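Observations on chain architecture
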Amino acid sequence: MATQTIKLPWQARLLRNGIGGLSYVAPQLAGRMVLKLFLQPRRAAGNKSSKFLQSAQRLQVEHNALRLQSYRWGTGTRKALLVHGWEHDARRWHALAPRLVALGYEVTAIDGPAHGASEGTTTSIPDFSAALAATVQQLGLFDLIVAHSFGAACSAWMLGMLGVPQPQRVVLMGAPTSGEYMTGAFADGFGLSQRLKRLFNQALQHEFGQPASYYAMKSMPTEHLPPALIVHDRNDLRVDFRYGQELQQHWPNSELLATSKLGHSGILHSTEVLDKIVTFVGGADHPR
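Here is a short report on the structure shown in this document. No experiment lies behind these values; they were computed from the predicted model shown. In every chain, residue numbers begin from 1 and rise along the written sequence. Since the coordinates come from a predicted model, pLDDT governs what is reported: local features require at least 70, and pairs of side-chain atoms require 80 or more to be given and counted, while whole-chain, interface and lining totals use all residues. By convention in this description, side-chain values take in all heavy atoms of the structure and omit both hydrogens and water.

**What about unusual backbone geometry?**
- Positive phi is not limited to glycine here, since S149 has a value of about 55°.
- Numbered from the N terminus, helices here are DSSP runs of H or I no shorter than four residues, and strands are runs of E no shorter than two. When you line up the elements, S149 lands in the loop between β5 (144-148) and α6 (150-161).
- Three labels apply to residues, based on accessible area from a 1.4 Å probe with only protein chains included: buried if under 20% of the type maximum, exposed if over 50%, partly exposed otherwise in between. Classification of S149 by relative accessible area gives buried; the value is 9%.
- Even without being a glycine, K261 presents a positive backbone phi close to 65°.
- Topologically, K261 is positioned in the loop between β8 (254-259) and α10 (263-266).

**Comments concerning the pairing of strand β7 (residues 228-233)**
- In terms of residue burial, β7 counts as a mostly covered element, since 6 of its 6 residues are buried.
- Where burial is concerned, the two faces of β7 agree: the one with A228, I230 and H232 and the one with L229, V231 and D233 are both buried.
- By the bridge criterion, 4 bridges tie strand β6 (residues 169-173) to β7 in an arrangement that is parallel. Bridging from a neighbouring strand, M173 pairs with V231 of β7.
- We call two strands paired when DSSP finds no fewer than two bridges between them. Pairing of β7 with β8, which is carried by 6 bridges, proceeds in the parallel orientation. Note that in β8 the partner of D233 across the bridge is T259.

**Describing helix α8 (residues 194-208)**
- The end-to-end C-alpha distance of α8 is 21 Å, a good match for the 21 Å that 15 residues give at a rise of 1.5 Å each.
- Among the residues of α8, L196, L199, F200, A203 and L204 are the ones counted as buried. Axial view of α8: buried residues confined to an arc of 140°, hence all on one face. Among the exposed residues of α8, those pointing more than 90 degrees away from its buried face are Q194 and H206.
- Residue G209 follows α8 closely and has a positive phi angle near 75°. Expected span of a helix, by definition, is 1.5 Å for each gap between consecutive residues, and there is one gap fewer than residues. By definition, the arc is the one covered by directions from the helix axis to the C-beta atoms.

**Here's the deal with the packing of helix α2 (residues 27-39) against helix α7 (residues 179-189)**
- Here the axes come from fitting lines to C-alpha atoms, over the contacting stretch only for helices, and the angles between their N-to-C directions go from 0 to 180 degrees. For the pair α2 and α7, interaxial distance at closest approach is 11 Å and the crossing angle is 105°. In terms of orientation, α2 lies roughly perpendicular with respect to α7. Only M182, T183 and F186 of α7 make contact with α2, whose side of the interface consists of V34, L37 and F38.
- Residues are sorted three ways: Asp, Glu, Lys and Arg are charged, Ala, Val, Leu, Ile, Met, Phe, Trp, Tyr, Cys and Pro are nonpolar, and all the rest, Gly among them, are polar. Considered class by class, the residues forming the contact of α2 with α7 number 5 nonpolar, 1 polar and no charged. Here roughly perpendicular refers to angles of 65 to 115 degrees, roughly parallel to angles under 35, roughly antiparallel to angles over 145, and oblique to all remaining angles. Between two residues, a contact is recorded if the distance between any of their heavy atoms is within 4.5 Å.

**As for the pattern of salt bridges**
- Whenever a carboxyl oxygen of Asp or Glu lies within 4 Å of a side-chain nitrogen of Lys or Arg, that contact is scored as a salt bridge. For the structure on display, the rule yields 8 salt bridges.
- Here R91 ties to D89 by a salt bridge, and the two come within 2.8 Å at their closest N and O atoms. Across the pair, D89 and R91 agree in class, each one buried.
- Taking the shortest distance from any N to any O, the salt bridge between K276 and E255 comes out at 3.1 Å. Of this pair, K276 sits in helix α11 (residues 271-282) while E255 is found in strand β8, placing the two residues 21 residues apart along the sequence.
- Exposure remark for K276: the relative accessible area of 27% places this residue in the partly exposed category.
- Accessibility expressed as a relative area gives 33% for E255, which makes it partly exposed.

Below, the structure is given as structure tokens:
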């Protein structure tokens, strides 16, 4: 697995070491503390001052007694939903959204739970996926879904497992293919000991009733899924390229766009990728 080497700030190292000491006195509490850290994204700064977001019509979605912020551009007859990744927000789509509006789409981008201007402090694959399902139910059928990273994993889980109306086409960018990868990347990045890893995984299974490995795309039913464009960079240091390959092999009627030297987030702004997305979705039929 290719991952970036992370040098933790001293505060994070102190917290980790403190939880490690606590694990010998109150192991279950220590596991729950690690789980909370895993589920709690840091909000990106500058959301309120974004001119891109200020140009949008603002809508809200209700999800588990939380208000989720969404943004809409265009008045086209086709509808697109854009889904950001972990610790990102709707600003990530400033390059793609205008291209889709020009193509005749009404474009909606959402700030997921605990992200951007949305309410909440924690989220997870099942929670984020359910929030996307609520968005589909409340804002109507989308003809296209484009999603990145954690948002792509949750979009795939929603489409495969939650029984929502299917879009005509899907674009999944830099997507991890299992919850087990995400927990492993967090544990390694935070420098958890083997003891804390075990307690963390026990707390996660107790909280959700399933191990992280349950949330794997390879275990989803696929016969009902729409055509998909899978975009993944060979030099992605956050989510290894092999996950893009695995996703393309598992998803029927899909194609893989393998880029180079763009990294995990560079694919969102690449002219090569944007042009390919426009070509992929431009020929989609109008709403049924």
